[in-house]
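These are the residues of each chain, in order.
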There are 4 protein chains.
Amino acid sequence: MSHNSFGHLFRVTTFGESHGPAIGCVVDGCPPRIPLTEADIQHDLDRRRPGQSRYTTQRQEPDQVRILSGVFTDEKTGVQMTTGTPIGLTIENVDQRSKDYGEIRNKYRPGHADYTYDVKYGIRDYRGGGRSSARETAMRVAAGAVARKVVPGLLVRGALVQMGPHRIDRSRWDWDETGRNPFFCPDAEAAAFFADYLDGIRKKGSSIGAVIEILAEGVPPGLGAPIYGKLDADLAAALMSINAVKGVEIGAGFGAAALTGEENADEMRLGNDGKPLFLSNHAGGVVGGISTGQAVVARFAVKPTSSILQPRLSVDRFGAETDVVTKGRHDPCVGIRAVPVGEAMVACVIADHFLRHRGQVGETTPWPMGG
Amino acid sequence: MSHNSFGHLFRVTTFGESHGPAIGCVVDGCPPRIPLTEADIQHDLDRRRPGQSRYTTQRQEPDQVRILSGVFTDEKTGVQMTTGTPIGLTIENVDQRSKDYGEIRNKYRPGHADYTYDVKYGIRDYRGGGRSSARETAMRVAAGAVARKVVPGLLVRGALVQMGPHRIDRSRWDWDETGRNPFFCPDAEAAAFFADYLDGIRKKGSSIGAVIEILAEGVPPGLGAPIYGKLDADLAAALMSINAVKGVEIGAGFGAAALTGEENADEMRLGNDGKPLFLSNHAGGVVGGISTGQAVVARFAVKPTSSILQPRLSVDRFGAETDVVTKGRHDPCVGIRAVPVGEAMVACVIADHFLRHRGQVGETTPWPMGG
Amino acid sequence: MSHNSFGHLFRVTTFGESHGPAIGCVVDGCPPRIPLTEADIQHDLDRRRPGQSRYTTQRQEPDQVRILSGVFTDEKTGVQMTTGTPIGLTIENVDQRSKDYGEIRNKYRPGHADYTYDVKYGIRDYRGGGRSSARETAMRVAAGAVARKVVPGLLVRGALVQMGPHRIDRSRWDWDETGRNPFFCPDAEAAAFFADYLDGIRKKGSSIGAVIEILAEGVPPGLGAPIYGKLDADLAAALMSINAVKGVEIGAGFGAAALTGEENADEMRLGNDGKPLFLSNHAGGVVGGISTGQAVVARFAVKPTSSILQPRLSVDRFGAETDVVTKGRHDPCVGIRAVPVGEAMVACVIADHFLRHRGQVGETTPWPMGG
Amino acid sequence: MSHNSFGHLFRVTTFGESHGPAIGCVVDGCPPRIPLTEADIQHDLDRRRPGQSRYTTQRQEPDQVRILSGVFTDEKTGVQMTTGTPIGLTIENVDQRSKDYGEIRNKYRPGHADYTYDVKYGIRDYRGGGRSSARETAMRVAAGAVARKVVPGLLVRGALVQMGPHRIDRSRWDWDETGRNPFFCPDAEAAAFFADYLDGIRKKGSSIGAVIEILAEGVPPGLGAPIYGKLDADLAAALMSINAVKGVEIGAGFGAAALTGEENADEMRLGNDGKPLFLSNHAGGVVGGISTGQAVVARFAVKPTSSILQPRLSVDRFGAETDVVTKGRHDPCVGIRAVPVGEAMVACVIADHFLRHRGQVGETTPWPMGG
């Protein structure tokens, strides 16, 4: 991963600040002849869009994506398809509310990247967090919408599995439920609880963390580029790069530390199709940095939004001590909108490795191997 | 991170299989005029070397490193220094015990990368795990020994903080203790407990997981290349790429999910030196993907060694179901030797970002910024 | 260089087709606190802009650049400066003349990239050449305008030194003259000749090649990253990547093949400032892939425009033989507008190496070295 | 291209100085299941090896390559094949003649990289040129031997086509002849002339430049990654990165500047196989940065060896003016041994693009495209 790009063959570059004219991205290396329209991308963007419930920031952004390049409509079929050239995307910023930035212009908000951007660059666009704003994640979602189409049969879905100290009951997991509540929560009972819980947090002007789980099904076996381009290593980087993420785990994750070798081993049998079948998935679909063909399972922890109404001790850029209060529109649980973002990052990583694997090894995977 | 290289300006490439003639690495982009000898590297390698206690594999490898290039001895001072050209390193494999590979030649050991390497490449060097062996991590440690010298004042130390379900008591943390017990454990009482505990695991032919913590002090503020080359994202990839690692967290990590914004915020005051001083470090030294100047704190979970004496269900490369038992020399808790490996990876990532930051922004960080 | 990006620390990514909605680029890794406005970039774009004389395509494009991100106006000084975050730029396409593409939709124009794009991707945007159009070079010029500001004291200028078989007289070289004629020609007499010569070519519906020379002054010594990131190697790639370029040379270039060692050696003395002074510059400012501190001199050959009025033998995408005539607006000597493009590419490469060198080695170059 | 690595999917990293213990390289990303032995590589190395005629340096190096990793011998077939893991190669330096370096330790030899390495790094291994020695090219040849096996049907051959001002007669071109004379010259009469000519140069203690041509046949159409990873751009960088190279051209090259569009266009017909057939190859097999399926033709100019017996004006690292004479063993025409090096670089670039293309687009190229 370089500065503002990630991926090798399927490579995404983003730009844009929260309150600048627009944000954008370039998806480079996409295979040609994949049907792709603005509506395809908009569908995913709408899932991440703010202002859709009282649990997310009230900033009103239509997040209308525009495809500037990389697609062409075949005159014969009338189908718009990728051409293999870079796909340029932009979203104009609309609701950059004009306001008084006096409070944050020279003060560093604890937990925000105010101080670190300033100490790194000696200058920062403080309006709405500038480049460090979660607004940037819209372009990750846009890129992910393209990535989803690269790997045939790939299905990447995400869910909020913990808010604050409260975990969902996995026995009630229902993917359909994630579309019915504003939390992307697969457990209807937990979702009802979270509604009340988060109202309480919000009304206090506080915020809370969360844990998100991403499941990628239909990942072909053999993806990953060990030793340093392991599939799980690239997933870890991709997810950790999302705003406010503080931890990433694959499969059993940190829980694996407490297991014995017998417990952790995913035993193998042959499935009805004559292919290897795993009897469990502690590995989370990745062994030795290479996909096993099982579902890839990743979880990540999102810290509480740093913007809270209680004053915190801080310093300013003149080198004086001060207090700071963060007013304005914010998500009381920024983890919620991280669900489609996490999905997008996982889709991008898998698409990239799908192409990388095909490059090195070719299209066919022999099975059985023979002796 | 590409296939077998990582880092951008400080770039490490490794090669070698467990039972091949040698393993090696190339450290490219190292600044010139840094004193560097084989003894410097050997010191770190000796900490990772197997066969030093009954708790690690009994394979006997002197792990004697040889510097093939990239250094030059100044005739006047007699000091051997880096020249800025690539540093080539090799370690000959000595104890590739000649044995019968019948059991694993065609069978896939659950938890090992046998199946995934085979399904990816259609061929694998099954002797001792080939490329997927932990033996490869010796070269990470060697590269890390160079990296430690790149950032003035950098101190990277690691410790085992959990074995199986048992966590250390952090109030007893003593860095000196990590050098006195075979577990790199900073809590003497926990170390004594782990000795018995792991003996039990070992005698049963079982294995157990662990959690490792790495602390990097002396990291200058401003390191990291957001949005996709964030310091924590690169740390996550680097640590997740270590064999058997299933989770990575920074600072409060997964615990941050349960915190409120008030609890999680690291408030700021001015220190005696007039520079910002943080009153806590939930961030683990990284905010917005950029170092704050506090200690960088990373933890990672290591799964239990997959090599265990109990037979497990599996399949073979002919497409038949079978059982497999893993004999041979193994670490009952591979997490132990992951401590110096984790240190090395953190050192490499920080060295790389130190150079990348200097490249983009230059050498000086103004403070205070002014208005 | 990857697909649509180049550079390591100063990294440029472009997108856009000739007749799509817009073209754009992202300049990533630019140092912060560099004054930068749209006018700065527009100045360079206007030099490349088509339709300014009868010797270039009559397509009318205002080429109005828009900065979407990466800059911020300091409230105190009112100066707009880079922030270190990615600089997003777009130019809307205005004059995509609606026309009948029947002639080229299914036919491959010899010399154009019609066949190769089709055989690579299985689809192509044939309108105006799509991605392979010289229109893309506008974004190179925009990126170059930023690059010029990165290296203090850098001056990059270019000139047309040969058109068809006719070389300029170097003894009449006058940089000011390059701004007075439509050929960027530094020799006023040659320019007058070229005006007639090219009128003849144009009226015949033919086209002609050219040689361009780029001179970069103020390049600090020490830039370049041998062995494979040599300054001249990166310059060669950058210039060869420009549309229609078929050859690149540095300093004496192909002429060096005919020289003896004595003739070719650039002898050294000490200048008045006590620093090394070269008595000649056959090296073109680069030795061993590293800048010497002399002017960097690069030349590149541009083939004649492939769009000509005479019918040529060809085939179509149905696999049938055919003839093809290229109508429409074209440059009779595409080499002319390659001058600002070449300047831009050289500036980008030097800016990138300036940052890379500072990353690895730091800011100061000691002289004399001592013993 | 980064510091000491090149290629994206087929990636080569080299290390080693002229008079250090060994030189080496890592070939990463090679496809698995390709038969590969040390003898395969040695065959190419022997063509580049010094000391084989009086026209090359008398340094005696057996250049015995050792494969340290990345291959495995199938027990059943007994065939050693690549495994897809990194291929580590080393060659021990044997004939680092112990000598007095007094003359060059502190003096900068004009034309050599002495000054530039020193001004860049502040330190240099002056023994035999250190990293800037042509000795490094042995590892390029080794990597190229692997690359040749990656693309089915690829044949890459090179020839010396000009020495000093003397060009060969292309009508006498005979590939077999390149193996019969010590100049890799395809024109027997020219070779006889060069023998006398170069004896004269050598006896005077002088040196001379040369032009080399590389022809790659069997390159599939569609290779190349425009806009910045064009096949010809990557070839230009790869060839320009070879020691002493000052110019690179593709197809008609600089000659294209003097052609009209009609002359330069490579017209197309259908071949007997129903595929496009070009009636000429001014393009040198690359249009729009993508291979056409024709032979790829590249030429590069090599400057005269800088080591000559006549004293030249210079300065030393103390900042004093001086004279310098280069004694020792040298090639009077370093261009000769650049032939196998150029072949290797072209093979590596094509192998890389073969894999990159397969990654993005897959294995099949449809023809005809249809409507």
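Residues numbered from 1 in each chain as written. Chains lettered and ligands numbered in written order. Predicted model: local features only at pLDDT ≥ 70, side-chain atom pairs only at ≥ 80, totals over all residues. Heavy atoms only, no water.

Asker: Could you give an account of the UniProt feature "binding site: NADP(+)" (unreviewed entry) in chain A, naming the residues involved and the relevant values?
Answerer: Residues and elements named next belong to chain A. Here, the residues flagged by UniProt with the feature "binding site: NADP(+)" (unreviewed entry) are Arg 48 and Arg 54. Relative to the helices and strands, Arg 48 resides in helix H1 (residues 38-48). Each residue touching Arg 48, except ones within four places of it in the same chain, is listed here: Asp 63, Ala 134, Arg 135, Thr 137, Ala 138, Val 141, Arg 337, Pro 340 and Val 341. Relative to the elements of secondary structure, Arg 54 occurs in the loop between H1 and strand S4 (65-67). If sequence neighbours within four positions are ignored, Arg 54 has contacts with Asp 199 and Arg 202. (UniProt positions renumbered as here; feature names shortened; annotations may be inferred. Helix = DSSP H or I, 4+ residues; strand = E, 2+ residues; numbered from the N terminus. Contact = heavy atoms within 4.5 Å.)

Asker: Give me the lowdown on the pairing of strand S18 (residues 321-324) of chain B, citing residues and values where you can.
Answerer: Residue and element names in this part refer to chain B. Residues of S18 alternate between two faces, with Thr 322 and Val 324 buried on one and Glu 321 and Asp 323 left unburied on the opposite face. Direction of pairing for strand S17 (residues 312-315) relative to S18: antiparallel, over a ladder of four bridges. Paired with Ser 314 across the two strands is Thr 322, which belongs to S18. The turn linking S17 back onto S18 is made up of five residues, and Gly 319 within it adopts a positive phi angle of 85°. (Buried < 20%, exposed > 50% of the residue type's maximum accessible area, 1.4 Å probe, protein only. Pairing = 2+ DSSP bridges.)

Asker: Break down the relation of the copies chain A and chain B for me, citing the residues and quoting the values.
Answerer: Once chain A has been moved 0.0 Å along the axis and rotated by 180°, it coincides with chain B to within an RMSD of 0.0 Å. Viewed as a symmetry operation, the transformation between the two copies matches a two-fold axis. A share of 100% of the interface residues of chain A reappears at the interface of chain B, consistent with the copies meeting face to face through the same patch. (Least-squares fit on C-alpha atoms with pLDDT ≥ 70 in both.)

Asker: Describe the interface of chain A and chain B, listing the residues and the values that go with them.
Answerer: Counting residues at the interface gives 119 residues for chain A, matched by 119 residues for chain B. Surface buried jointly by chain A and chain B totals about 9,600 Å² across both partners, of which 61% is contributed by carbon and sulfur atoms. Across the chain A-chain B interface, the total number found is four salt bridges. Two residues, Arg 269 of chain A and Glu 321 of chain B, come together in a salt bridge whose shortest N-O distance is 3.2 Å. Our enumeration of links across chain A and chain B arrives at 60 residue pairs in polar contact (both at pLDDT 80 or more). Sorting elements by how many residues they give to the side of chain A that touches chain B places helix H3 (residues 114-121) of chain A first, with seven residues. Two strands pair when backbone bridges link them, and strand S11 (residues 245-250) of chain A and strand S11 (residues 245-250) of chain B are joined in this way by three bridges, in the antiparallel orientation. Looking at the pairing, Val 248 of chain A lines up with Val 248 of chain B of S11 of chain B. (Buried area = accessible area lost by both parts, 1.4 Å probe. Salt bridge = Lys/Arg side-chain N within 4 Å of Asp/Glu carboxyl O. Polar contact = N/O pair within 3.5 Å; in protein donor to acceptor, adjacent residues only side chain to side chain.)

Asker: Account for the sheet that holds strand S16 (residues 296-302) of chain D, with residues named and values stated.
Answerer: The ten strands are arranged S9(C)-S8(C)-S10(C)-S16(C)-S11(C)-S11(D)-S16(D)-S10(D)-S8(D)-S9(D) in an open sheet whose pairing can be described as antiparallel. Across the chains shown, the open sheet's two edge strands, defined by having one partner strand only, are strand S9 (166-167) of chain C together with strand S9 (166-167) of chain D. Across the face of the sheet, helix H5 (residues 188-203) of chain D comes into contact with strand S8 (155-163) and S9 of chain D while running at roughly 55° to S8 of chain D. Where helix H8 (residues 338-361) of chain D meets the sheet, its contacts fall on S8, strand S10 (210-217) and S16 of chain D, and the angle it forms with S8 of chain D comes to roughly 140°. (Axes fitted to C-alpha atoms, helices over the stretch in contact; angles between N-to-C directions.)

Asker: Account for the relation of the copies chain C and chain D, naming residues and giving values.
Answerer: For the match of chain C to chain D, the screw axis carries a shift of 0.0 Å, the RMSD comes to 0.0 Å, and the turn is 180°. Comparing interface residues between copies, 100% of those in chain C also lie at the interface in chain D; the contact surface is shared.

Asker: An account of the UniProt feature "binding site: FMN" (unreviewed entry) in chain A is needed here, citing residue identities and associated values.
Answerer: Mapped onto this structure's residue numbering, the UniProt feature "binding site: FMN" (unreviewed entry) falls at Arg 131, Ser 132, Ser 133, Asn 243, Ala 244, Gly 288, Lys 303, Pro 304, Thr 305, Ser 306, Ser 307 and Arg 329 of chain A. Structurally, the position occupied by Ala 244 of chain A is in the loop between helix H6 (231-240) and S11. Residues contacting Ala 244 of chain A, with those up to four places away along its chain left out, are Ala 301, Val 302, Lys 303 and Val 334 of chain A. In contact with Thr 305 of chain A, other than residues within four places in its own chain, are Ser 207, Ile 208, His 330, Asp 331, Pro 332, Cys 333 and Val 334 of chain A together with Gly 261 of chain B.

Asker: Any details on the confidence of the model for chain A? Residues and values, ideally.
Answerer: Mean pLDDT over chain A works out to 93, with 98% of the residues at or above the 70 mark. Across the interfaces of the predicted complex, the ipTM metric reaches 0.97, alongside a pTM of 0.97. (pLDDT = per-residue confidence, 0-100.)

Asker: Quick rundown of the pattern of salt bridges? Include the residues and the values.
Answerer: One pass over the full model with this rule turns up 116 salt bridges over all chains. Ionic pairing is found between Asp 118 of chain D and Arg 124 of chain D, a salt bridge with its closest N-O pair at 3.9 Å. Judged on exposure class, the residue Asp 118 of chain D and its partner Arg 124 of chain D are both buried. Linked by salt bridges that have partners in common, Arg 109, Asp 114, Asp 118, Arg 124 and Arg 317 of chain A make up one network.

Asker: Which residues make up the interface of chain C and chain D, and what are the values?
Answerer: On the side of chain D, 119 residues touch chain C, which itself brings 119 residues to the contact. The three residues of chain C that bury the most area against chain D are Lys 120, Tyr 228 and Lys 246 of chain C, which together make up 10% of that side's buried surface. In this assembly, chain C and chain D are joined by four salt bridges. Across the pair Arg 312 of chain C and Glu 267 of chain D runs a salt bridge, and its minimum N-O distance is 3.5 Å. Put simply, chain C and chain D have 59 residue pairs in polar contact (both at pLDDT 80 or more) between them.

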